[in-house]
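Analysis of the macromolecular model
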Amino acid sequence: MRPSDLRPVPDVARAATQDLLQAIRDADAARGRTVLCLSGGGTPTPIYRALRDHRDLPWGRMWIAWGDERMVPPGHGDRNERAARDALLDHVPIPEDQILPWPYVPDADPQDLADAYALQLRRTLGDPGEGPWFDVTLLGLGEDAHTAGLFPGTGGTRAAGLAVATRPTSTPTPRLSLTPEALSASRQVWFLVAGDGKRAALQATLAGGDPERLPATSIRALDELRVYTDAPPA
Ligand code: 6PG
């Protein structure tokens, strides 16, 4: 992430929605499908709600994955899948087999669930080294500088492979996350950074440093990385 990636905007969700509509149409025109990797958190929710009003989008050729998930059962209110289903997926005609939620098995080893998701994405979307998994990956940034389920000091950015389970001390349940390698297997990576509380984390991430302290520094895009923000560093 570099200062030239910043897109200072008055309303992050509104700006990203407009651009996402175009990115979906472009991906569909170029390749006959669109693969989106969604983020949790509150910032993208208005985007998900706004998209559902666009009945003309190529919903039947859209694929949905998530960059991270909480280790809670399907339907649980803390689940990123649930938030995206409530705001968007329950309202649009995406075929259910093109929606790829993280697995959940009670009492499973979290890393086994992470590995199972990586395998599922590899089987469905191919080898990320040979062609990008995602057209657009949406990501957030926490005040502690975490992104997806990659929290500072949890080893997430150093994990080998495509998905990892982390155990941040700040969260009650393990977090399941794609690794920087997998999140970077994307043509476009868009960070959505809203609110003054994020300014310091954004500034630190832009300045760069140890990825274990600043996980977003380890994520790249194949074509373009953008940082939509209403709190650009001074
Ligand atoms: C999640 C996330 C997480 C989120 C940030 C920012 O599952 O919560 O994917 O990384 O994007 O915490 O969240 P806000 O958008 O709520 O600020």
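See above for the structure.
The following refers to the structure shown. For clarity, every value in this text was computed on a predicted model and none was experimentally measured.

A word on the overall build of the protein
Counting secondary structure elements, the protein contains six helices and 10 strands. Expected size for 234 residues packed as a compact globule is a radius of gyration near 17 Å; at 16 Å, the protein falls within 12% of this value. By its C-alpha atoms, the protein is 45 × 40 × 35 Å across when sized along the principal axes. Classification of the 234 residues of the protein by burial places 53% in the buried group. Here the contacts in the protein between residues at least 6 apart in sequence split such that 75% fall between residues at least 24 apart. Per element, the accessible surface of the protein, about 9,900 Å² overall, is 48% carbon and sulfur. If the 25 positive side-chain charges of the protein are averaged to one point and the 31 negative ones to another, these points end up 2 Å apart.

Structural notes on the site of the ligand
Contacts to the ligand come from 15 residues, most closely from G42, T43, D68, H146 and K198. Take G42: an N or O atom from its main chain is 2.7 Å from an oxygen atom of the ligand. Residue R70 places a side-chain N or O atom 2.9 Å away from an oxygen atom belonging to the ligand. The protein chains hide 85% of the 420 Å² of surface that the ligand would expose on its own. In this structure the site holding the ligand corresponds to the largest pocket.

Let's talk about the sheet that holds strand β3 (residues 62-66)
Across the sheet, which stays open at both edges, the seven strands sit in the order β1-β10-β9-β6-β2-β3-β5 with parallel pairing between neighbours. Edge positions in the sheet fall to β1 (6-8) and β5 (99-100), since each has one partner strand and no second. By the bridge criterion, three bridges tie β1 to strand β10 (residues 224-229) in an arrangement that is parallel. Residue pairing for β10: R7 is matched across the bridge by Y228.

So, how was this worked out
Residues numbered from 1 in each chain as written. Predicted model: local features only at pLDDT ≥ 70, side-chain atom pairs only at ≥ 80, totals over all residues. Heavy atoms only, no water. Helix = DSSP H or I, 4+ residues; strand = E, 2+ residues; numbered from the N terminus. Rg over C-alpha atoms; globule rule 2.2 N^0.38 Å. Buried < 20%, exposed > 50% of the residue type's maximum accessible area, 1.4 Å probe, protein only. Contact = heavy atoms within 4.5 Å. Areas by Shrake-Rupley, 256 points an atom, 1.4 Å probe, with all protein chains shown as cover. Lys, Arg positive; Asp, Glu negative; His and termini not counted. Charge placed at Lys NZ, Arg CZ, Asp CG, Glu CD. Near = heavy atom within 4 Å. Polar contact = N/O pair within 3.5 Å; in protein donor to acceptor, adjacent residues only side chain to side chain. 1 Å grid on protein atoms, 1.4 Å probe; cavity = no way out; pocket = protein on both sides within 12 Å on 5 of 7 lines; lining within 4 Å. Sits in = over half its atoms within 2 Å of the grid points. Pairing = 2+ DSSP bridges.

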